Each structure stands twice: as C-alpha cells, then as structure tokens.
Amino acid sequence: MYKEDFRNMIEENRNSSDSSSAFAYNTTVNAILITAYSVAFAGGGIGSITMSFVLVKMNTLSITTTAIINLVVVHSLLLFTVPFRLHYYVSKKWVFRMSFCKMVSAMVHIHMYLTFLFYVITLVIRWLIFFQWKIKVEFYRKLHAIAASAAVWAFVMVFVVPVLYFEYGRSGDYDNTTCFMFQKELKQESVKGLNYTIIVIVALITCVLLGMQIFILVKVSRKLSTSFWSHQEFWAQVKNLIFICVIIICFLPYHVFRAYYIQHVSAYDQLECYNEVFLSLTSLSCLDLLSFVLSGSRLFKQMVGTLRSRLSCC
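Residues numbered from 1 in each chain as written. Predicted model: local features only at pLDDT ≥ 70, side-chain atom pairs only at ≥ 80, totals over all residues. Heavy atoms only, no water.

Taking an unreviewed UniProt entry as the reference, the protein is identified by name as Probable G-protein coupled receptor 141 belonging to Calidris pygmaea. Note on the protein: under the UniProt heading Subcellular location (unreviewed entry), the record states "Cell membrane". Under the heading Function (unreviewed entry), UniProt records this for the protein: "Orphan receptor." (UniProt positions renumbered as here; feature names shortened; annotations may be inferred.)

Here it is in structure tokens:
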C-alpha cells in the first residue's frame, strides 16, 4: 500500500514537472510579457473608452475621424484577447481549446498590420491635403471614407481570417496545454518567403514615411522661418510623428528581429521567447489613442503654449 502511494506521488510530481517544463518562458521573459500586455490593456482600454466618448460628441466625419474609429475597433479586438494571454502567462498553462489559442495568437498579427495600414492611409491623406491635392482626391467624402473602411474589414474577414483559421499552426503537433508556440510553421519555405516579403515591405514603407515627414517638417520650418513654433501648421505636422514613432518603436523592432529569428529558428530554442517579447511590444501601439486624447487636453495645450513662449523668448 505504501509502495503504491509512493509510486503515485512520484508519478504526480513527474506529470507536474512535465507540464511546467512545457511552459517555455523563463521568469524574466514571463515578467516582461505580463508587464507589456498589462500596460497595453490598461492604457489601451482607457484610451479606447475615452476616444469613443470623444467620437460620439463629434458631428462631422472626416478622414482622420474615420481612421480613429477604425483604430478604436481594431484595438478593442486585440484588448479582448489580452486577458486570455495574461491568464496563460500567470498560470503557465493553457486551459482553453487549441483553436481559441490560434485565434488569440493570430489576433496580435492582425492588429499590428491593420493598425499599420490605417496609419499609412491617414498619413498619405494628410500629406495630400498638405500639398493641396485634396481636389484630386475623392476619398475625402464621407461615403467614400466609410466604403473604404468597410472594404478593408471585408477583405480581412473574407480572406485573412479564414486562411489563418485553417492554415495557422496546421503543420506541427502542439501540446494542448501550451500556446503561442507555433515556430514549426517557419520551417516551410512558403511561410519563410511570406515573412521575408512582409519584413521588407514594412521596413521600406517605414523609411519612406519617416523621410517624407522630415521633408515636410523642414519645408514648413523654412516657410515659417523663426516663428514656426507658434504656428498651428507646424504642430499639425508634428502630430503626424506620433503615427511614425509608434511604427518605429512598436512595429519595426519586431520585424528587424524576425529576419534574424527566421534564419536561426531551429538553432536556438530561446529565440522563440525573444520573438514573443518583441511581439508584445506591438501591443503597446494601443497607447496611441491615449496619446491622442492627452495631446488634445487643455493641460497639454497649456504646456505646449508655455514651451512656445519660452522658445520664442530665447
């Protein structure tokens, strides 16, 4: 009897150690993941709720407003999945179905590229207006803005979501108690090629956006001479940098590291943990709405006014 109890105890300890070893993240990486997603959930939730109240009070529907509405929607979809990620990182065990794990995992990527797309569209339209090409752009009408948004979401729902659902995580056998560990997919040449293509496209577009915005800022500063600090036109272009800064800080590091990660995915197991850390940084883009709210507050405007007066005095 005692031998059987002792044998059962050893078997339970072995099973518990196996289940804990299946959790691939060490203490430091796990703490970083919990912190990043917690900040994104708290700041993104506050920003989305506050921005929703601001949008309800607006009577007009401009291009920028339409883009902000799309950002609220896409951020909200990601924030809905964040608690399930946090539950996994805290409990170190996935207790939901594997199909739901794939959906939660894919949502981070869908959120990142949709946010990137809406940023690019917003910046391009603002630049067209800056160069006084608004007459040639039919997109500024309300109906066209709504139709374009609907087309983007329809494309995602009809083509992207089904492909991710049926193909994401299909080539490998994964443990039902672990999640977000689909690195076996990268062994396929087609998946590698798609990832490399996306990395190059994102990097090139980011460089073009940054170069274009710097060119416009230099042009505005030369046009306004020494008094550009007090002009609204200059600060309107500075606000465009918020979009580009989010891309550079949140999105670009992930893609730069992923180029290295794809090449050495089979050599180092720890790279998967680092890849998840860089991926968690993309969720911090949810803080953009909070920055928009703060930049439009009275306190922020008073701080900017004080800064302008001091700079003008100097």
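And the narrative resumes.
Before going further, it helps to examine the overall build of the protein. Scanning the protein for helices and strands turns up 10 helices and zero strands. Its helices and strands in sequence order give the protein the pattern α-α-α-α-α-α-α-α-α-α, from N to C terminus. Counting only residues that meet the buried cut, the protein has 38% of its 314 residues in that class. Expressed as a percentage of contacts within the protein between residues at least 6 apart in sequence, the contacts between residues at least 24 apart total 76%. Counting every atom, the protein has about 18100 Å² of accessible surface; 67% of that belongs to carbon and sulfur. (Helix = DSSP H or I, 4+ residues; strand = E, 2+ residues; numbered from the N terminus. Buried < 20%, exposed > 50% of the residue type's maximum accessible area, 1.4 Å probe, protein only. Contact = heavy atoms within 4.5 Å. Areas by Shrake-Rupley, 256 points an atom, 1.4 Å probe, with all protein chains shown as cover.)

Taken together, the side chains of Phe155, Met157, Val158, Phe159 and Val161 present a nonpolar region at the surface, about 490 Å² in accessible area. Tracing the sequence through the fold places Met157 in helix H5 (residues 142-167). By relative accessible area, Met157 is classed as exposed at 51%. (Patch = residues over 30% accessible without salt bridge, like charges linked within 9 Å, V, L, I, M, F, W, Y side chains within 5 Å. Salt bridge = Lys/Arg side-chain N within 4 Å of Asp/Glu carboxyl O.)

This next bit is on the packing of aromatic side chains. By the definition in use, this model includes 15 aromatic pairs. Between Trp94 and Phe100, the ring centres sit 6.2 Å apart and the planes meet at 25°, which makes this aromatic pair stacked. Aromatic side chains Phe257 and Tyr261 sit 6.2 Å apart centroid to centroid with 15° between the ring planes, which places their arrangement in the stacked category. With Phe257 and Tyr261 both in helix H7 (residues 232-263), this residue pair falls four residues apart, about one helical turn. Tyr261 gets classed as buried once you look at its relative accessible area, which sits at 2%. (Phe/Tyr/Trp six-rings, centres within 6.5 Å; stacked < 30°, edge-to-face > 60°.)

Time to look at the state of the cysteines. Tallied over the entire structure, the rule returns one disulfide. Residue pairing for Cys101: its cysteine sulfur links by disulfide to Cys179, the two sulfurs lying 1.8 Å apart. Across the S-S bond of Cys101 and Cys179 the torsion is about 110°, and the bridge reads as right-handed. Taken together, the residues Cys101 in helix H4 (residues 98-130) and Cys179 in the loop between H5 and helix H6 (189-224) connect sequence positions 78 residues apart. For the residue pair Cys101 and Cys179, the accessibility class agrees, reading buried in each case. Looking at Cys245, it has no disulfide partner, and the nearest cysteine sulfur is the one in Cys250, 9.9 Å off. On the accessibility criterion, Cys245 (37% relative accessible area) is partly exposed. (Disulfide = S-S within 2.5 Å.)

The tendency in soluble globular proteins is for nonpolar side chains to be buried side by side. Grouped together as the largest cluster of nonpolar side chains are 58 residues, with contacts concentrated most on Tyr25, Ile68, Leu71, Leu114 and Phe180. Secondary-structure elements contributing two or more residues to this core are helix H2 (27-57), helix H3 (63-91), H4, H5, H6, H7, helix H8 (271-282) and helix H9 (288-295). For Phe180, the residues in contact, after removing those within four places along its chain, are Tyr25, Arg85, Tyr88, Tyr89, Trp94, Cys101, Val104, Ser105, Glu272 and Glu276. (Core = buried A, V, L, I, M, F, W, Y, C linked by side-chain atoms within 4.5 Å.)

This paragraph deals with the UniProt feature "transmembrane region" (unreviewed entry) in the protein. Per the UniProt annotation, the sites labelled "transmembrane region" (unreviewed entry) are residues 31-56, 68-90, 110-131, 143-166, 196-218, 238-257 and 277-300. End C-alpha to end C-alpha, residues 196-218 measures 33 Å, and it is 100% helix and 0% strand. For residues 238-257, the helix share is 100%, the strand share is 0%, and the end-to-end C-alpha distance is 28 Å.

Where H2 meets H8, the axes come as close as 9 Å, and the angle between the chain directions of the two elements is 15°. With respect to H8, the element H2 is oriented roughly parallel. Both H2 and H8 take part in a crossing whose hand is left-handed. Of H8, the residues touching H2 (which contributes Val29, Ile32, Leu33, Ala36 and Tyr37) are Cys273, Glu276, Val277, Leu279 and Ser280. Residues that form the contact of H2 with H8 fall into these classes: eight nonpolar, one polar and one charged. (Axes fitted to C-alpha atoms, helices over the stretch in contact; angles between N-to-C directions. Parallel < 35°, antiparallel > 145°, perpendicular 65-115°, else oblique. Left-handed = near helix turned anticlockwise from the far one by under 90°. Nonpolar A, V, L, I, M, F, W, Y, C, P; charged D, E, K, R; others polar.)

This paragraph deals with the pattern of salt bridges. This structure, assessed with the given rule, holds one salt bridge. Between Arg85 and Glu276 there is a salt bridge, and its shortest N-O distance comes to 3.8 Å. On the criterion of sequence distance, the pair formed by Arg85 in helix H3 and Glu276 in helix H8 is long-range, its members being 191 residues apart. Arg85 sits in the buried class, given a relative accessible area of 1%. According to the relative accessible area criterion, Glu276 is buried, its value standing at 4%.

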